[in-house]
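# Notes for the structure review
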Protein chains: 2
Amino acid sequence: MSPDPLPSWNDGATKTRLIDFVKRITTEATSDFVPAPDRIATIDNDGTLWPEQPTCIQFVFAFDRLKSLAHVRPELRDTQPFQTVIDGGLNVLVTLDADVIIEILKATQSGMSTEQFSQIVAEWLTIARDPRFGRVYTRLVYQPMLELLDYLRANEVKSFIVSGTGADFIRVFAEATYRVPPEQVIGSTMRTEFSVGEAGPVLMKKPEVEVLGDGAGKPVAIDKFIGRRPILAFGNSDGDKEMLEWTVAGSGPRLVALLHHTDAKREWAYDRHSKVGRLDKALDLADANDWTIVDMATDWNTVFPRTGS
Amino acid sequence: MSPDPLPSWNDGATKTRLIDFVKRITTEATSDFVPAPDRIATIDNDGTLWPEQPTCIQFVFAFDRLKSLAHVRPELRDTQPFQTVIDGGLNVLVTLDADVIIEILKATQSGMSTEQFSQIVAEWLTIARDPRFGRVYTRLVYQPMLELLDYLRANEVKSFIVSGTGADFIRVFAEATYRVPPEQVIGSTMRTEFSVGEAGPVLMKKPEVEVLGDGAGKPVAIDKFIGRRPILAFGNSDGDKEMLEWTVAGSGPRLVALLHHTDAKREWAYDRHSKVGRLDKALDLADANDWTIVDMATDWNTVFPRTGS
């Protein structure tokens, strides 16, 4: 027998469904066989590959960067909405609406080259730690999902991350952390401008955000970047509903799954009434259509990687 | 000795440069070695992988489709700019400015699902033939470039097509013709809208075009879709200049190349004064910086695939 490809998943119906699906699409000369180039998976990031409570990790980065910038640009302390956020800290950040957060992203993540931005994010990721778990964020990823990504890759399923978070942010760590290369990360983007500087041509980041919207924005972005329907889609919130609906409506074998955060002890528990990552309509659809629901508390024997911090 | 990977390329300086570059980046334990995930190539389509004279092949498709549509929507014959184009044929089409052509694309390539559009393009590609060469367009590709794409893939260089032509158009044939999967095709896009129809959720194409502009638009799109600088870039016109400049300015080994159309007998000859695919400033830059210039007449012993039509 080959070793268990998903050791952090408890034996049971969920794990069996994942493994059975991969076996079906890779068994040649059957009606369910899918040629390797068509094995496209699209996977949400926040709340599916790493936590999104109490707020998205990119927003924590933006907040830390706003505080740093305020040292060199003190006028930010007297300008709204920055003043409120700097004074109120993360407690205020989690209450903000998307348009205010976008103002912060525009102010803190523009005016530098794409390479400079990547460097800033990379440095932050080595330092910043989640206050509850005390881990750097690249060790705050879900171990069972890392195993699933490995298992899919070993079976020639190409996984794309599809997230409302900035693609430029996720791309900094996705290759080392998830083994997903930058060109398989789809997310919100900031406009860049070609500019010839001292070190030759660079792309400068401008304060204009093209948001990859939740909901219908995900299938639209998948078509734009990938150009075909996935055969597997994995999310955790109502923002993933249309991605899953569009995926499962394609012909041939399909797997769509939702991660249900049911584990307040080891991670978080939230669903129908959460401000961040609400899971309500998609949960009803999953129940009604027998989509795969991953129950974190019962399906995972491990949440975060065992070693390292 | 291993067989020649580029049999349609004449022995000489150009072929040697291509092969030497691939050997350098793949020889481990040398300073020029590039790990496989970083081996990204970006390659223009029109004029680099297939002809663009007398006009871009997508425009020929749009013209044929306009004529078909006029049978079911006769009012198009009385509406400008469609009337002029239908009456004047391809001779008029080649004289049109980009904004007029975009009006034709919007009218002829929207109002259907992404899958329906792909089907229409696929059918056209089996029927339409280039008037000069009498070939279907998928057999009007450059044999030496097919060999180069194969050679790069065999050496784990991942090639992306980066074109101002519609990604949705190129993706229909890129996998079978170039062995480049849809997710490695970057081009202009039409807005799509998520819609639940009789066959379940589909993406409907709307008459709004997001043009991937020539020039600075190419590095900007490469960063947006791929997220890093290529190590190899290949184009044929001033529209590729910024892509090549940005590529060659990265650190480590780089190869940038221009296809110079010098072969009026077997294909076309044009450069500094052509309306389509003008090659002027980029040619000066290539001369000044010792970029690779592929001379079609002398570097290629074959232009189109030998078999089939």
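Below you will find a few notes about this structure. Note that this is a predicted model, so its numbers are computed, not measured.

### Focus on the interface of chain A and chain B
Contacts between the two partners involve 33 residues from chain A, matched on the other side by 33 residues from chain B. Approximately 2,900 Å² of surface area, both sides summed, lies buried where chain A meets chain B, with 53% of it carried by carbon and sulfur atoms. It is A:Glu183, A:Phe194 and A:Lys224 that lose the most area in chain A upon contact with chain B, and together they represent 22% of the buried surface on that side. Applying the counting rule to chain A against chain B returns ten salt bridges. In this structure, B:Glu183 and A:Arg228 form a salt bridge, with 3.0 Å as the shortest nitrogen-oxygen distance. Counting every contact that joins chain A to chain B gives 20 residue pairs in polar contact (both at pLDDT 80 or more). Of all the secondary structure elements, the ones that give two or more residues to the side of chain A that touches chain B are helix H6 (114-127), strand S2 (158-166), helix H8 (167-178), strand S3 (185-197), strand S4 (200-210), helix H9 (217-225) and helix H10 (241-248) of chain A. With five residues, H9(A) is the largest single contributor of residues to the side of chain A that touches chain B. Tallied by class, residues from the side of chain A that touches chain B come to 16 nonpolar, five polar and twelve charged.

### Side note on the sheet that holds S2(A)
All names here are of chain A. With respect to topology, seven strands assemble into an open sheet ordered S4-S3-S2-S1-S5-S6-S7, the strand pairing being mixed. Each of the sheet's edge strands pairs with one partner strand only, and the pair in question is S4 and strand S7 (292-295). Recorded for the sheet is a direction-independent mean angle of 30° between the axes of neighbouring strands. Where strand S6 (residues 255-260) meets S7, four bridges bridge the pair, whose relative direction is parallel. Paired with alanine 257 across the bridge in S7 is threonine 292. Relative to S7, helix H1 (residues 13-26) is tilted by about 135°, and along the sheet it contacts strand S5 (232-235), S6 and S7.

### Details of the relation of the copies chain A and chain B
Mapping chain A onto chain B is achieved by rotating through 180° and translating by 0.0 Å along the same axis, at an RMSD of 0.0 Å. Taken together, the rotation angle and the small translation identify this as a two-fold axis. For chain A, the minimum C-alpha distance to the rotation axis belongs to A:Phe225 and amounts to 3.5 Å. A symmetric contact is evident, with 100% of the interface residues of chain A recurring at the interface of chain B.

### Some points on the pairing of strand S1 (residues 40-43) of chain A
Residue and element names in this part refer to chain A. The alternating pattern of S1 places Ile40 and Thr42 and Ala41 and Ile43 on opposite faces, both of which are buried. Bridging between S1 and S2 involves four bridges; their strand directions are parallel. Within S2, the position partnered with isoleucine 43 by the bridge is isoleucine 161. Where S1 lies against S5, three bridges are found, and the strand directions are parallel. Counterpart to threonine 42 in the pairing with S5 is alanine 233.

### Notes on unusual backbone geometry
Residues and elements named next belong to chain B. The omega torsion across glutamine 53 and proline 54 is 0°, close enough to zero to call that bond cis. Considering the arrangement of structural elements, one finds proline 54 in the loop between strand S1 (40-43) and helix H2 (57-72). Here the residue pair glutamine 80 and proline 81 is connected by a cis peptide bond, since its omega of 5° sits within 30 degrees of zero. Relative to the helices and strands, proline 81 resides in the loop between H2 and helix H3 (82-88). Phi at alanine 29 takes a positive value of approximately 65°, unusual for a residue other than glycine. Residue classification places alanine 29 among the exposed positions, given a relative accessible area of 84%. In the Ramachandran plot, glutamate 156 falls in the positive-phi region, its phi being about 60° despite a non-glycine side chain. Relative accessible area serves as the criterion here: at 52%, glutamate 156 is assigned to the exposed category.

Rules used in this analysis
- Residues numbered from 1 in each chain as written.
- Chains lettered and ligands numbered in written order.
- Predicted model: local features only at pLDDT ≥ 70, side-chain atom pairs only at ≥ 80, totals over all residues.
- Heavy atoms only, no water.
- Contact = heavy atoms within 4.5 Å.
- Buried area = accessible area lost by both parts, 1.4 Å probe.
- Salt bridge = Lys/Arg side-chain N within 4 Å of Asp/Glu carboxyl O.
- Polar contact = N/O pair within 3.5 Å; in protein donor to acceptor, adjacent residues only side chain to side chain.
- Helix = DSSP H or I, 4+ residues; strand = E, 2+ residues; numbered from the N terminus.
- Nonpolar A, V, L, I, M, F, W, Y, C, P; charged D, E, K, R; others polar.
- Pairing = 2+ DSSP bridges.
- Axes fitted to C-alpha atoms, helices over the stretch in contact; angles between N-to-C directions.
- Least-squares fit on C-alpha atoms with pLDDT ≥ 70 in both.
- Buried < 20%, exposed > 50% of the residue type's maximum accessible area, 1.4 Å probe, protein only.

This is a description of form; function is not addressed.
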